[in-house]
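Structure at a glance
The residues making up each chain are set out below.
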Amino acid sequence: MSTSDNRSKDRLDAIIIGAGIAGMYQLYRLRELGFSVRVFESGSDVGGTWYWNRYPGARFDSESYSYGYSFSEELLQEWEWSEHFAPQPETLRYLGFVADKFDLRGDITFDSRVATATFDEDGNFWEIQTEGGERARATFLITAVGPLSAPTLPRFEGLDSFVGESHHTARWPHEPVDFAGKRVGVIGTGATGVQVIQEVAKTAAHLTVFQRTPNYCAPLGNRPIDEVTQKEIKDSYPEIFKKCRESHGAFLHASDPRSALEVTPEEREAFWEELYSQPGFGIWIGNFSDILIDQRANDLVSDFMRRKIRERVDDPEVAELLVPRDHGFGTRRVPMETRYYEVYNQKNVHLVDVKEVPIERIIPKGVKTGNAEYELDILIYATGFDAITGSFDRIEFRGEGGRTLKEKWADGPRTYLGIQTVGFPNLLTLVGPHNAATFCNIPRCIEQNVEWVTDLLRYMRDKGHERIAPLKASEDEWTKHVYDIAALSLLSKTDSWFMGVNQNLPDKKRTFLAYAGGSPAYRQKCDAVAANGYEGFVLN
Ligand code: NA7
């Protein structure tokens, strides 16, 4: 590596793709090791997800103080979150503050999307080329491309014919979009759609929501952080992060060890009422231990959530459209909301069921369904992402024998620990498929990923190793384990982005893309692998 040889002029120790939360922290850690590193980032500044997703209403569903970086005590004490669930502009400011504090931007090339990455087998290095034609080489290539960063648009005809303003939520303009006096349409009612709908409904003259699949949404319970709480938070960071480390998804909400079936109906109801009124993901993550495993337990909690929707929506017909029937509560990502259901009691909001009568095409003046035309001034696509593998597929990774990663993962990803894949030596995938970070309060798992990779690279340098690749047997075993664990969960029985299901991507295989074994088990496994000299990998 650069410290021990003289080829560093044209070859870095590491290239990182992406300057979001993972890429920024990986840069910080590798610089600390004395590595030569360059980050390539397609955006014009740091922030990743929080750089791109500027749509109105975008905010955390994780408690702010459980989401920020934990590695610097000074940073923890300096930064003040203003709300329990901070809005996107504040998060972007925070990430800019981190970049300034640790002087990160100098090692990041912005406005630079990596197009290809090719492994040179003889030279044992990766060469990347950006869309702008810039090339760079490094011994290690670390991806920090984000699990939800390749937005997808519907495959409707006439997409470009719309004469009004249209935006995908993940490609929102930097200038504010004014909805006052406008007829606005939103397609999509996932976690993003729900956030944007409740915001647009406040000012739009008329809002039409095109809903295909209703989701079970739960109250976020956001509020400002007062001075006393601010101090309490700053004093209790070690406990906050300990709690996150010990919980399944690294959230502040740990699941209740009881079964939903072992308590009385009255106890169950009281517990669910309590969770429903509490802030954050408690109702999803802090629920009875079997709601995502046992169909009977899931049916009960789904009924509870359906009742809540019916209680909150005035028009019973509209309420029925909002009630999910084709999947159980929590088996898809639970959108968090603030008076979302009450939006449908407003006179300026109209819900259109596009499962019953699908959208046929986009027309110059708006949206045409099978039985109506909707005239719009602004059309918002909250239509999601090519999840988890999509951000990899956008880059042509060529490994040993010239094989592409896209070809290798065509039937679903195969990895060891969600960190490496056979045939692509020295490629390390932070928050990659089948990595616990994909189903997690993500910065907590990012820190685990980054620290593990940093320890690995330090170990390799100390031992004089320059190449790492997983054994095929380790990859087979991990991939089987990922699917075995997923099969126990009701998540794998439901179509969602966790399962790689996106109807706008008909060729994408239905396979579990995340890791459902939980972050404590994943951390333990990674630690054991490291303690055993990186068991399952070949280092030389
Ligand atoms: P999601 O959760 O994938 O939601 C996308 C939404 O868009 C969902 O309601 C889709 O309906 C809808 N959609 C997509 N394509 C169409 C077409 N062609 N017609 C009608 N409706 C469509 O993405 P989000 O951005 O909301 O959330 C992604 C994650 O980001 C989220 O989980 C958070 O972790 C952050 P469908 O359900 O497919 O019927």
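Residues numbered from 1 in each chain as written. Predicted model: local features only at pLDDT ≥ 70, side-chain atom pairs only at ≥ 80, totals over all residues. Heavy atoms only, no water.

1. With respect to the state of the cysteines
Tallied over the full model, the rule gives one disulfide. Here Cys 440 connects covalently by a disulfide to Cys 445, the sulfurs 1.9 Å from one another. Between Cys 440 and Cys 445 the sulfur-sulfur dihedral comes to about 80 degrees; the bridge is accordingly right-handed. Relative accessible area serves as the criterion here: at 13%, Cys 440 is assigned to the buried category. Owing to a relative accessible area of 5%, Cys 445 belongs among the buried residues under this scheme. Not part of a disulfide, Cys 244 finds its nearest cysteine sulfur in Cys 440, a span of 8.6 Å. (Disulfide = S-S within 2.5 Å. Buried < 20%, exposed > 50% of the residue type's maximum accessible area, 1.4 Å probe, protein only.)

2. Some points on the sheet that holds strand β7 (residues 165-168)
The strand order across the open sheet formed by five strands is β7-β16-β8-β9-β12, and the pairing between neighbours is parallel. Strands at the two margins of the open sheet, each flanked by one partner only, are β7 and β12 (349-353). Recorded for the sheet is a direction-independent mean angle of 15 degrees between the axes of neighbouring strands. When strand β8 (residues 183-187) meets strand β16 (residues 378-381), the two strands line up parallel, connected through four bridges. Counterpart to Gly 185 in the pairing with β16 is Leu 379. (Pairing = 2+ DSSP bridges. Helix = DSSP H or I, 4+ residues; strand = E, 2+ residues; numbered from the N terminus. Axes fitted to C-alpha atoms, helices over the stretch in contact; angles between N-to-C directions.)

3. A short note on empty space enclosed by the protein
The full count for this structure, using the stated rule, is five cavities of 30 Å³ or more. Forming the boundary of the largest cavity are Tyr 65, Gly 68, Tyr 69, Leu 75, Leu 76, Trp 79, Trp 81, Tyr 94, Tyr 237 and Phe 241. Looking at the lining of the largest cavity, the elements with two or more residues in it are α4 (73-78) and α8 (237-246). Along the lines of polarity and charge, the residues of the lining of the largest cavity split into nine nonpolar, one polar and no charged. (1 Å grid on protein atoms, 1.4 Å probe; cavity = no way out; pocket = protein on both sides within 12 Å on 5 of 7 lines; lining within 4 Å. Points joined across faces, edges and corners; volume = space filled by probe spheres on them. Nonpolar A, V, L, I, M, F, W, Y, C, P; charged D, E, K, R; others polar.)

4. Regarding the packing of aromatic side chains
Applying the stated criterion to the full structure yields 42 aromatic pairs. A centroid spacing of 5.8 Å and a plane angle of 90 degrees characterise the contact between Tyr 216 and Phe 329, whose relative ring orientation is edge-to-face. Note that Tyr 216 is positioned in the loop between β9 (206-211) and β10 (218-219) and Phe 329 in the loop between α12 (316-322) and β11 (336-337), a separation of 113 residues in sequence. Residue classification places Tyr 216 among the buried positions, given a relative accessible area of 2%. For Phe 329, a relative accessible area of 0% puts it in the buried group. An angle of 55 degrees between the planes, with centres 6.0 Å apart, marks the rings of Tyr 515 and Tyr 522 as tilted. Classification of Tyr 515 by relative accessible area gives buried; the value is 3%. In textbook terms, an aromatic cluster arises when at least three aromatic residues are bridged by ring pairs, as seen for Tyr 25, Tyr 28, Trp 50, Phe 60, Tyr 67, Tyr 69, Phe 71, Trp 79, Trp 81, Tyr 94, Phe 97 and Phe 102. The side chain of Lys 101 reaches across the aromatic face of Phe 102, ending 5.7 Å from its centre. The residue whose ring lies beneath Arg 258 is Phe 271, and the NZ or CZ to ring-centre distance is 5.2 Å. (Phe/Tyr/Trp six-rings, centres within 6.5 Å; stacked < 30°, edge-to-face > 60°. Lys NZ or Arg CZ within 6 Å of the ring centre and 35° of its normal.)

5. Comments concerning the sheet that holds strand β14 (residues 366-369)
Here we have three strands laid out as an open sheet, ordered β13-β14-β15, and antiparallel in their pairing. At either margin of the open sheet sits one strand with a lone partner, and together these are β13 (359-363) and β15 (373-375). For this sheet, the mean inter-axis angle between neighbouring strands, taken without regard to orientation, is 20 degrees.

6. Notes on the environment of Asn 215
Looking at the secondary structure, you find Asn 215 in the loop between β9 and β10. Sequence separation of Asn 215 and Pro 335 is 120 residues, and the distance between their C-alpha atoms is 7.3 Å. Leave out the neighbours within four places in its chain, and Asn 215 touches Thr 189, Gly 190, Leu 322, Pro 324, His 327, Arg 332, Pro 335 and Tyr 341. (Contact = heavy atoms within 4.5 Å.)

7. Regarding the pattern of salt bridges
Per the stated rule, a full pass over the model turns up 43 salt bridges. Glu 400 is the partner of Arg 467 in a salt bridge, and the nearest nitrogen-oxygen pair spans 2.9 Å. Highlighted residues: Arg 467 in the loop between α16 (442-463) and β19 (468-470) and Glu 400 in the loop between β17 (396-398) and α15 (405-408), separated in sequence by 67 residues. With relative accessibility at 32%, the residue Glu 400 sits in the partly exposed group. Glu 447 is paired through a salt bridge with Arg 444; the nearest N and O atoms lie 3.0 Å apart. With Glu 447 and Arg 444 both in helix α16 and three residues apart, the pair spans about one turn of that helix. For the pair formed by Glu 447 and Arg 444, the shared burial category is buried. Several salt bridges share partner residues, and in doing so they unite Arg 183, Lys 365, Glu 373, Glu 375 and Asp 377 into one network. (Salt bridge = Lys/Arg side-chain N within 4 Å of Asp/Glu carboxyl O.)

8. Digging into the domain arrangement of the protein
Domain boundaries in the protein define domain 1 (11-46 + 104-150 + 387-539) and domain 2 (183-381). The centre of domain 1, based on its C-alpha atoms, is set 31 Å off from the matching centre of domain 2. Each partner contributes to the interface: domain 1 provides 21 residues, whereas domain 2 provides 22 residues. Buried area between domain 1 and domain 2, summed over both chains or domains, comes out near 1600 Å², and the portion from carbon and sulfur atoms is 62%. Summed over the shared surface of domain 1 and domain 2, the result is zero salt bridges. Sorting elements by how many residues they give to the side of domain 1 that touches domain 2 places helix α18 (residues 519-531) first, with three residues. For the side of domain 1 that touches domain 2, a count of residues per class yields ten nonpolar, eight polar and three charged. (Domains from an automatic or database assignment. Buried area = accessible area lost by both parts, 1.4 Å probe.)

9. Here's the deal with the packing of helix α7 (residues 227-235) against α8
Between α7 and α8, the shortest axis-to-axis distance is 5 Å and the interhelical angle comes to 65 degrees. The angle between α7 and α8 places the two elements in the roughly perpendicular class. Contact with α7, carried on its side by Ile 233, Lys 234 and Asp 235, involves Tyr 237, Pro 238, Glu 239 and Ile 240 of α8 and no other residues of that element. Here the contact of α7 with α8 is composed, by residue class, of four nonpolar, no polar and three charged. (Parallel < 35°, antiparallel > 145°, perpendicular 65-115°, else oblique.)

10. Some words on the nonpolar core
Counting residues in hydrophobic clusters, the biggest one holds 109 residues, and the most contacted among them are Tyr 69, Leu 417, Trp 452 and Leu 457. No other element matches α16, which puts nine residues into this core. Both of domain 1 (11-46 + 104-150 + 387-539) and domain 2 (183-381) provide at least three residues apiece to this core. Sequence-distant contacts of Leu 417, that is, excluding residues within four places in its chain, are made with His 434, Asn 435, Trp 452, Trp 478, Tyr 522, Lys 525, Cys 526, Val 529 and Phe 537. Core analysis: the second largest hydrophobic core is formed by 31 residues, Tyr 55, Phe 179, Ile 309 and Leu 322 among them. (Core = buried A, V, L, I, M, F, W, Y, C linked by side-chain atoms within 4.5 Å.)

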